[in-house]
Amino acid sequence: MTSGLENNDLPRFADLDAVYEILRELGRGGTAVVYLARERHLGRKVAIKVIRATYIEDEEAAARLEREAHMIANLQ
């Protein structure tokens, strides 16, 4: 699923910008947005999941996102 956003319409993430180039939005869920990005140093493509601002203070949502990240990391 794509959002139709052009590269210049993509959000900028100051914490990630030095390491990743956001290429496009892959999809949206209730608590996060997933982007396709390119790791600048190695050139490999990665998916980056960014929690929505309204859930930053939600400990349960953050814990769910962290569990998901651990499960995905174990697949590799």
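Reading the values: rules and limits
- Residues numbered from 1 in each chain as written.
- Predicted model: local features only at pLDDT ≥ 70, side-chain atom pairs only at ≥ 80, totals over all residues.
- Heavy atoms only, no water.
- Salt bridge = Lys/Arg side-chain N within 4 Å of Asp/Glu carboxyl O.
- Helix = DSSP H or I, 4+ residues; strand = E, 2+ residues; numbered from the N terminus.
- Buried < 20%, exposed > 50% of the residue type's maximum accessible area, 1.4 Å probe, protein only.
- Core = buried A, V, L, I, M, F, W, Y, C linked by side-chain atoms within 4.5 Å.
- Pairing = 2+ DSSP bridges.
- Axes fitted to C-alpha atoms, helices over the stretch in contact; angles between N-to-C directions.
- Polar contact = N/O pair within 3.5 Å; in protein donor to acceptor, adjacent residues only side chain to side chain.

**What to know about the pattern of salt bridges**
For step 1, the next point in the chain: Evaluation of the coordinates by the stated rule reveals seven salt bridges.
For step 2, the next point in the chain: Residues Arg38 and Glu21 are paired through a salt bridge, measuring 3.0 Å at the closest nitrogen-oxygen approach. Residue Arg38 is found in strand 2 (residues 32-39), and its partner Glu21 is found in strand 1 (residues 20-28); the two are separated by 17 residues along the sequence.
For step 3, the next point in the chain: Residue Arg38 is classed as partly exposed on the basis of its relative accessible area of 26%.
For step 4, the next point in the chain: Here Glu21 falls in the partly exposed class, since its relative accessible area comes to 25%.
For step 5, the next point in the chain: Salt-bridge contacts for Arg28 lead to Glu25; the nearest nitrogen and oxygen are separated by 2.8 Å.
For step 6, the next point in the chain: Relative accessible area serves as the criterion here: at 4%, Glu25 is assigned to the buried category.
For step 7, the next point in the chain: In this structure, a network of salt bridges that share partners links the residues Arg12, Asp17 and Arg40.

**Observations regarding the nonpolar core**
For step 1, the next point in the chain: Listed in full, the seven residues of the largest apolar core are Leu10, Ile22, Val33, Tyr35, Ala37, Val46 and Ile48.
For step 2, the next point in the chain: For this core, the elements supplying multiple residues, two or more each, are strand 2 and strand 3 (45-51).

**Here's the deal with the sheet that holds strand 3**
For step 1, the next point in the chain: Strand order across the open sheet formed by three strands is 1-2-3, with antiparallel pairing between neighbours. In this open sheet, the two strands that pair with only one neighbour each are strand 1 and strand 3. Within this sheet the neighbouring strands show an average axis-to-axis angle of 30°, counted without direction.
For step 2, the next point in the chain: In terms of strand pairing, strand 2 meets strand 3 through seven bridges, oriented antiparallel. Bridge pairing in strand 3 links Val34 to Lys49.

**Some points on the pairing of strand 2**
For step 1, the next point in the chain: Summarising burial for strand 2: six of the eight residues are buried, a large majority.
For step 2, the next point in the chain: With seven bridges joining them, strand 1 and strand 2 adopt antiparallel strand pairing. Residue pairing across strands places Arg24 opposite Leu36, the latter belonging to strand 2.
For step 3, the next point in the chain: Between strand 1 and strand 2, which pair antiparallel and follow one another directly, the connecting turn spans three residues.

**Concerning the side chain of Glu25**
For step 1, the next point in the chain: Assignment of secondary structure puts Glu25 in strand 1.
For step 2, the next point in the chain: Among the polar contacts listed, one links the side chain of Glu25 to the side chain of Arg28, at a separation of 2.8 Å.

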